[in-house]
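Here's the letter readout for the chains.
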Amino acid sequence: KKTIEIGVFTGYSLLLTALTIPEDGQSENEGSFDYAFVDADKDNYCNYHERLMKLLKVGGIAVYDNTLWGGTVAVPEEQVPDHFRGSSRQAILDLNRSLADDPRVQLSHVALGDGITICRRIF
Ligand SMILES: C[S@@+](CC[C@H](N)C(=O)[O-])C[C@H]1O[C@@H](n2cnc3c(N)ncnc32)[C@H](O)[C@@H]1O
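Here the structure is a predicted model, which means the values were calculated and not measured.

## What about the site of the ligand?
Around the ligand lies a shell formed by Ile-6, Gly-7, Val-8, Phe-9, Thr-10, Gly-11, Tyr-12, Ser-13, Asp-39, Ala-40, Asp-41 and Asn-44. Taken together, the residues of the shell around the ligand sort by class into five nonpolar, five polar and two charged.

This is how it looks when you write it as structure tokens:
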């Protein structure tokens, strides 16, 4: 019912969320969000994750977009095309590693679009 989105742009993904939440859905407060969708500046994904671990309730879901980064997260460094290189790709690699090591969440990676990672806060 309570959702937050970081990186709204056209509002396309936010609209999908808005159409899905119940009529009495709303947005605010620490430890109380059911759902978060993150599709903003990749350099801050790890920071957003730390904030969301406080904002989400236990059992709440955070979804991170672009976690395949064009598939280059699974490509040897020397084979990554130049236009995929840079701080954003490094930030996605850092996020993927830190989520895999994060005992606060259960993870599911979905190879949909540019990759989404679904995290459920478990404590
Ligand atoms: C890829 S777009 C998001 C697309 C959106 N999910 C949609 O369905 O249209 C990324 C958005 O993140 C925003 N953004 C970038 N850095 C941000 C920041 N530090 N804080 C909040 N939003 C940010 C950009 O302005 C842009 O609107």
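## Re the environment of Val-105
Within the secondary structure layout, Val-105 lies in strand E4 (residues 105-110). Of the residues examined, Val-105 has 20 C-beta atoms within 10 Å and is grouped as buried. Sequence spacing of Val-105 and Arg-85 is 20 residues, and the spatial spacing of their C-alpha atoms is 28 Å. Beyond its immediate stretch of four places on either side in the chain, Val-105 contacts Leu-99, Cys-119, Arg-120, Arg-121 and Ile-122.

## Describing helix H3 (residues 87-100)
An α-helical segment advances 3.6 residues per turn. Residues three or four places apart therefore align on the same side. The first and last C-alpha atoms of H3 sit 20 Å apart over 14 residues, in line with the 20 Å expected at 1.5 Å per residue. What H3 keeps buried is the set Ile-92, Leu-95, Asn-96 and Leu-99. Viewed along the axis of H3, the buried residues span an arc of 95°, placing them on a single side of the element. Relative to its buried face, H3 has exposed residues pointing more than 90 degrees away, namely Ser-87 and Arg-97. Buried residues belonging to H3 abut helix H2 (45-55), strand E3 (56-65), E4 and strand E5 (116-121).

## Quick notes on the pairing of E4
Successive side chains on a regular strand alternate, one facing one side of the sheet and the next facing the other. Relative to E5, E4 runs antiparallel, the two being bridged by six bridges. Across the sheet, residue Leu-107 finds its bridge partner in E5, namely Cys-119. In this antiparallel pair of consecutive strands, E4 and E5, the connection spans five residues, and Gly-113 shows a positive phi of 60°.

## Description of the nonpolar core
One finds Ala-36, Val-38 and Ala-62 to be the most contacted residues of the largest nonpolar core, which totals 19 residues. Within the residue set of this core, elements represented by two or more residues are strand E2 (33-38), H2, E3 and H3. Among residues more than four places away in sequence, those in contact with Val-38 are Ile-6, Gly-7, Tyr-45, Tyr-48, Ala-62, Val-63, Tyr-64 and Asp-65.

## So, the sheet that holds strand E1 (residues 3-6)
Read across the open sheet, the five strands follow the order E1-E2-E3-E5-E4; overall the sheet is mixed. Edge strands, defined here as strands with exactly one partner in the open sheet, are E1 and E4. Along the sheet, successive strands turn relative to each other by an average axial angle of 15°, direction set aside. Lying over the sheet, helix H1 (residues 12-20) contacts E1 and E2, oriented at roughly 175° with respect to E1. The sheet contacts of H3 involve E3, E4 and E5, and relative to E4 the element is tilted by about 135°.

## A look at the confidence of the model for the protein
Residues of the protein with pLDDT of at least 70 account for 98%, and the chain-wide mean is 94. Across the assembled chains, the prediction reports ipTM 0.96 with pTM 0.91.

## Observations regarding the packing of H2 against H3
At a minimum axis separation of 9 Å, H2 and H3 run at an interaxial angle of 35°. Packed against H2, whose contacting residues are Tyr-45, Cys-46 and His-49, the element H3 presents Ala-91, Asp-94, Leu-95 and Ser-98 at the interface. When its residues are assigned to classes, the contact of H2 with H3 shows four nonpolar, two polar and one charged.

The rules behind the values
- The residue numbering used here restarts from 1 in each chain and proceeds along that chain's sequence as written.
- Where local features are concerned, this predicted model is filtered to residues with pLDDT of at least 70; where side-chain atom pairs are given and counted, the filter is 80 or more; whole-chain, interface and lining totals use all residues.
- The C-beta atom of each residue is placed using the backbone, and any residue whose C-beta lies within 6 Å of a molecule or strand is treated as near it.
- Any residue that is not Ala, Val, Leu, Ile, Met, Phe, Trp, Tyr, Cys, Pro, Asp, Glu, Lys or Arg is counted as polar, Gly included; the first ten are nonpolar and the last four charged.
- Secondary structure is summarised from DSSP: a helix means a run of H or I of at least four residues, a strand means a run of E of at least two, and numbering begins at the N terminus for each.
- Labels follow a simple rule on C-beta atoms placed from the backbone: if 20 or more others lie within 10 Å of a residue's own, it is buried; if 12 or fewer, it is exposed; otherwise it is partly exposed.
- Contact between residues is assigned whenever the C-beta positions, reconstructed from backbone atoms, fall within 7 Å.
- Multiply 1.5 Å by the residue count of a helix minus one, and that product is the helix's expected span.
- Summarising the geometry, the arc corresponds to the directions from the helix axis toward the C-beta atoms.
- Two strands form a pair only when DSSP identifies at least two bridges running between them.
- Any set of buried Ala, Val, Leu, Ile, Met, Phe, Trp, Tyr and Cys residues joined through C-beta atoms within 7 Å is what this text calls a nonpolar core.
- Note on geometry: axes are C-alpha line fits, over the in-contact stretch for helices, and angles between N-to-C directions span 0 to 180 degrees.
- One confidence number per residue, pLDDT, is output by the predictor and ranges from 0 to 100.

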